[in-house]
Amino acid sequence: MLETGMRRAFRLSVITAIAAALSSCGGDGGGSDLVEESTEKADAACACEDFGCTKDYIRWFNEVSIAREDDLSALSPEDYDTYLGNSLRAGDCQETLR
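Enquirer: Would you mind going over the overall build of the chain in detail, with residue names and values included?
Expert: Counting its secondary structure elements, the chain contains five helices and zero strands. Ordered by position in the sequence, the α and β elements of the chain form the string α-α-α-α-α. Looking at the chain as a whole, 28% of its 98 residues are labelled buried. Accessible surface, the chain as shown: approximately 5,900 Å² in total, 54% of it carbon and sulfur.

In structure tokens:
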């Protein structure tokens, strides 16, 4: 139990650090497609009934954070907050099924 809590705390601290770094970059207000897609992925992950079902949706968030860093940094602060909230929600839903 403690190990799971430590992993979650570490994951949240990394995501928070990334969010802080990206939000300081500003943005052009674009990225609504990315935000919409993140909402769809989080909704799908939370609709899963078993842990395995969530893996592809969580993988998408991980790939976006690595391969689409420019897209994330171009989001407005509000859009980034929505994206981040969706990412955290999907992770929480996956963790519930672990």
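Enquirer: I'd love a proper account of the packing of helix α2 (residues 32-47) against helix α5 (residues 77-97), names of residues and values included.
Expert: Here α2 crosses α5 at 15 degrees, and the two axes come no closer than 8 Å. Overall, the two elements α2 and α5 adopt an arrangement that is roughly parallel. Relative to α5, the crossing made by α2 is left-handed. Along the contact surface, α2 presents Ser32, Leu34, Val35, Ser38, Thr39, Ala42, Asp43, Ala45 and Cys46, while α5 presents Asp79, Thr82, Tyr83, Asn86, Arg89, Ala90 and Cys93. Partitioned by chemical class, the residues of the contact of α2 with α5 number eight nonpolar, five polar and three charged.

Enquirer: Which residues make up the packing of helix α3 (residues 51-67) against α5, and what values do they have?
Expert: Two elements in contact, α3 and α5, have axes whose closest approach is 10 Å; the angle formed by their N-to-C orientations is 150 degrees. Comparing their axes, α5 and α3 come out roughly antiparallel. Both α3 and α5 take part in a crossing whose hand is left-handed. Contacts between α3 and α5 involve Phe51, Thr54, Lys55, Ile58, Trp60, Phe61, Val64 and Ser65 from the former and Tyr83, Asn86, Ser87, Ala90, Gly91, Gln94 and Leu97 from the latter.

Enquirer: Can you tell me about the packing of aromatic side chains, naming the residues and giving the values?
Expert: A full pass over the atoms with the stated rule returns four aromatic pairs. Between tryptophan 60 and tyrosine 83 the ring centres are 6.4 Å apart and the planes differ by 55 degrees, which places this aromatic pair in the tilted class. Of this pair, tryptophan 60 sits in helix α3 while tyrosine 83 is found in helix α5, placing the two residues 23 residues apart along the sequence. The interplanar angle of 40 degrees and the centroid separation of 6.0 Å between the aromatic rings of tyrosine 80 and tyrosine 83 together place this pair among those described as tilted. Note that tyrosine 80 and tyrosine 83 are positioned in helix α5 at a spacing of three residues, about one turn of the helix. A relative accessible area of 5% places tyrosine 80 in the buried class. Given a relative accessible area of 3%, tyrosine 83 falls into the buried group. Site record: aromatic cluster; members linked through ring pairs are Trp60, Phe61, Tyr80 and Tyr83.

Rules behind the numbers
Residues numbered from 1 in each chain as written. Predicted model: local features only at pLDDT ≥ 70, side-chain atom pairs only at ≥ 80, totals over all residues. Heavy atoms only, no water. Helix = DSSP H or I, 4+ residues; strand = E, 2+ residues; numbered from the N terminus. Buried < 20%, exposed > 50% of the residue type's maximum accessible area, 1.4 Å probe, protein only. Areas by Shrake-Rupley, 256 points an atom, 1.4 Å probe, with all protein chains shown as cover. Axes fitted to C-alpha atoms, helices over the stretch in contact; angles between N-to-C directions. Parallel < 35°, antiparallel > 145°, perpendicular 65-115°, else oblique. Left-handed = near helix turned anticlockwise from the far one by under 90°. Contact = heavy atoms within 4.5 Å. Nonpolar A, V, L, I, M, F, W, Y, C, P; charged D, E, K, R; others polar. Phe/Tyr/Trp six-rings, centres within 6.5 Å; stacked < 30°, edge-to-face > 60°.

In short, the description is geometric, and any link to function would need to be established separately.
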